[in-house]
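Next come the chains, spelled out residue by residue.
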Amino acid sequence: MEIERKYLVEQLPENYQSYPFRSIQQGYLCTLPVIRIRKEDEDYYLTYKGNGLLAREEHNLPLTEEAYRHLVQKIDGILLSKKRYLIPLSDAYSSALPHPKPADGLTVELDIFEGTYQGLILAEVEFSSIEEAQRFSPPSWFGKDVTFSGEYQNSKLSAGK
């Protein structure tokens, strides 16, 4: 089960480039249900995602590079490219601002898109429960909460602007 909140970021936080990142390319073989292929650095995956916005079923299966190269030729729409910075949530808050103590171990996945969506920046945080996700108070730089709009789901972005 994937439980996550998603935010539209308008201004990048300071020092985000000091955190580790992954280079990601992903495309969609189908969007209902969602069947995605992804290259993440040198790892390859096939993912099934169920319906939902805040919470949905998700299953990842490993792929070989050869299988990925075969399937990427069959995607519908745009092959998305982005860098995903992994920032511990506790580092995402400004020490000068009051904020609730975040749950230990949570990570901000800061996606900076390239190519067709150059300039688009999204922040996601995955949670262990729906209640935890609903109680979440984001850092101020996160911007607009787009979790429930569906507009910024990667499967929708892959269909084009």
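Below: a short report on this structure. (Residues numbered from 1 in each chain as written. Predicted model: local features only at pLDDT ≥ 70, side-chain atom pairs only at ≥ 80, totals over all residues. Heavy atoms only, no water.)

Thoughts on the overall build of the protein chain
Regarding its fold elements, the protein chain presents 3 helices and 10 strands. Secondary structure elements of the protein chain occur, N-terminal to C-terminal, as β-β-β-β-β-β-α-β-β-β-α-β-α. A globule of 161 residues ought to have a C-alpha radius of gyration of about 15 Å, and the protein chain, at 16 Å, matches this closely. For the protein chain, the C-alpha atoms occupy an extent of roughly 50 × 30 × 30 Å along the three principal directions. Of the roughly 9,000 Å² that the protein chain leaves accessible, carbon and sulfur atoms contribute 49%. Distance between charge centres in the protein chain, computed from 18 positive and 24 negative side chains, equals 4 Å. (Helix = DSSP H or I, 4+ residues; strand = E, 2+ residues; numbered from the N terminus. Rg over C-alpha atoms; globule rule 2.2 N^0.38 Å. Areas by Shrake-Rupley, 256 points an atom, 1.4 Å probe, with all protein chains shown as cover. Lys, Arg positive; Asp, Glu negative; His and termini not counted. Charge placed at Lys NZ, Arg CZ, Asp CG, Glu CD.)

Side note on the pairing of strand β1 (residues 2–8)
When a strand is regular, its side chains alternate between the sheet's two faces. Most of β1 is tucked away, with 7 of its 7 residues classed as buried. Taking every second residue as pointing to the same face, both faces of β1 are buried, with Glu2, Glu4, Lys6 and Leu8 on one and Ile3, Arg5 and Tyr7 on the other. With 2 bridges connecting them, β1 and strand β5 (residues 55–56) associate as antiparallel partners. Along β5, the bridge assignment pairs isoleucine 3 with alanine 55. Summarising the sheet, β1 and strand β9 (residues 121–126) pair through 5 bridges and their orientation is antiparallel. Residue pairing for β9: lysine 6 is matched across the bridge by glutamate 124. Across 2 bridges, the pairing between β1 and strand β10 (residues 144–145) is antiparallel. Counterpart to leucine 8 in the pairing with β10 is lysine 144. (Buried < 20%, exposed > 50% of the residue type's maximum accessible area, 1.4 Å probe, protein only. Pairing = 2+ DSSP bridges.)

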